[in-house]
Amino acid sequence: MKKRRVIGIDPGLAHTGFGVIDAIGQSKRLVSYGIIETSPDDEHGTRLLAIYNRLVAILDEFKPDEASMEELFFARNVTSALNVAEAKGVVTMCLSQFAIPLSMYKPNQIKTSVTGTGKADKELVERYVKLLLNLETEPKPDHAADALAAAITHIHSSVLPL
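Keep in mind that what you see is a predicted model, and the values were worked out from it rather than measured.

From N to C terminus, the chain includes five helices and five strands. Taken from N to C terminus, the helices and strands of the chain fall in the order β-β-β-α-β-α-β-α-α-α. By its C-alpha atoms, the chain is 45 × 35 × 25 Å across when sized along the principal axes. Counting only residues that meet the buried cut, the chain has 44% of its 162 residues in that class. Across the chain, every contact between residues at least 6 apart in sequence was considered, and the portion connecting residues at least 24 apart equals 62%.

Counted by the stated rule, this structure contains seven salt bridges. Through salt bridges with shared partners, a single ionic network connects K3, R5, D22 and R29.

Counting residues in hydrophobic clusters, the biggest one holds 22 residues, and the most contacted among them are I7 and L55. Mapped by element, the contributors of at least two residues to this core are strand 1 (4-10), strand 2 (15-24), helix 1 (44-62), strand 4 (66-70) and helix 2 (78-97). With eight residues, helix 1 is the largest single contributor of residues to this core. In this structure, I7 is in contact with F18, G19, V20, L55, I58, L59, P64, E66, A67, S68 and A151, ignoring residues within four places of it in sequence. Within the second largest apolar cluster, 18 residues are counted, among which are L133, L148, A150 and A151.

To continue, consider helix 4 (residues 122-132). Buried within helix 4 we find L124, V125, E126 and V129. Its buried side turned inward, helix 4 meets helix 3 (107-115) and helix 5 (142-157). Directly beyond the C-terminal end of helix 4, a positive phi value near 55° is found at N134.

The next thing to look at is the sheet that holds strand 4. Paired through their backbone hydrogen bonds, the strands of a sheet run either parallel or antiparallel. Here we have five strands laid out as an open sheet, ordered 3-2-1-4-5, and mixed in their pairing. Each of the sheet's edge strands pairs with one partner strand only, and the pair in question is strand 3 (27-37) and strand 5 (102-105). When strand polarity is set aside, the average angle formed by the axes of neighbouring strands in this sheet is 20°. Two strands pair when backbone bridges link them, and strand 4 and strand 5 are joined in this way by four bridges, in the parallel orientation. Counted as the bridge partner of S68 is S103 from strand 5.

This part is about unusual backbone geometry. Note on backbone geometry: most residues besides glycine have negative phi, and most peptide bonds are trans. In the segment running from K140 into P141, the intervening peptide bond is cis, with an omega of -5°. Look at K63: it is not a glycine, yet its phi comes out positive at around 50°. Structurally, K63 is set in the loop between helix 1 and strand 4. Positive phi values are uncommon outside glycine, yet N134 reaches one of about 55°. With respect to the helices and strands, the residue N134 is situated in the loop between helix 4 and helix 5. Among the residues examined, N134 registers a relative accessible area of 70% and is labelled exposed.

Time to look at the packing of helix 1 against helix 2. Contact pair helix 1 / helix 2: the axes reach a minimum separation of 10 Å and the direction vectors enclose 35°. Helix 2 is crossed by helix 1, and the crossing has right-handed handedness. From helix 1, H44, L48, I51, Y52, L55, V56 and L59 reach across to helix 2, where they touch N83, E86, A87, V90, V91, M93, C94, L95 and Q97. Residues of the contact of helix 1 with helix 2, tallied by class, amount to 12 nonpolar, three polar and one charged.

Scoring rules and cut-offs
- Residues numbered from 1 in each chain as written.
- Predicted model: local features only at pLDDT ≥ 70, side-chain atom pairs only at ≥ 80, totals over all residues.
- Heavy atoms only, no water.
- Helix = DSSP H or I, 4+ residues; strand = E, 2+ residues; numbered from the N terminus.
- Buried < 20%, exposed > 50% of the residue type's maximum accessible area, 1.4 Å probe, protein only.
- Contact = heavy atoms within 4.5 Å.
- Salt bridge = Lys/Arg side-chain N within 4 Å of Asp/Glu carboxyl O.
- Core = buried A, V, L, I, M, F, W, Y, C linked by side-chain atoms within 4.5 Å.
- Pairing = 2+ DSSP bridges.
- Axes fitted to C-alpha atoms, helices over the stretch in contact; angles between N-to-C directions.
- Left-handed = near helix turned anticlockwise from the far one by under 90°.
- Nonpolar A, V, L, I, M, F, W, Y, C, P; charged D, E, K, R; others polar.

This is the structure we're talking about:
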């Protein structure tokens, strides 16, 4: 089977999580994870540009073949939802620029794929990501764990034949 490198992304204006995993079939190995952080003191456009520039550097460094991200869902806080949507747009554009195919998953699909239940909380997702990737500790912060969960979901959802 061919090795695949998948990047999962959890977009947000303040924190965009990313997680890179290598997969051969259902076998998974952590490559890297972290967050892209922007300051609320910076101008809005500058924050979006910072997400773009850092993501370009991450894509250049890790060269993923595929990408996955959680679908945007409606939130109670409209301002927060709009900021996430803008960050998601920047991420989508950046992946397109690198010709990396993007798959989208509903939040409950990701939770179910990783934990077995669509009602999992953040802590349960972190524990299962730790187990599935054979890590010593839960990945932190939660945005990075969510990005890794998105990548795991993509691997579970799209195993390529020999």
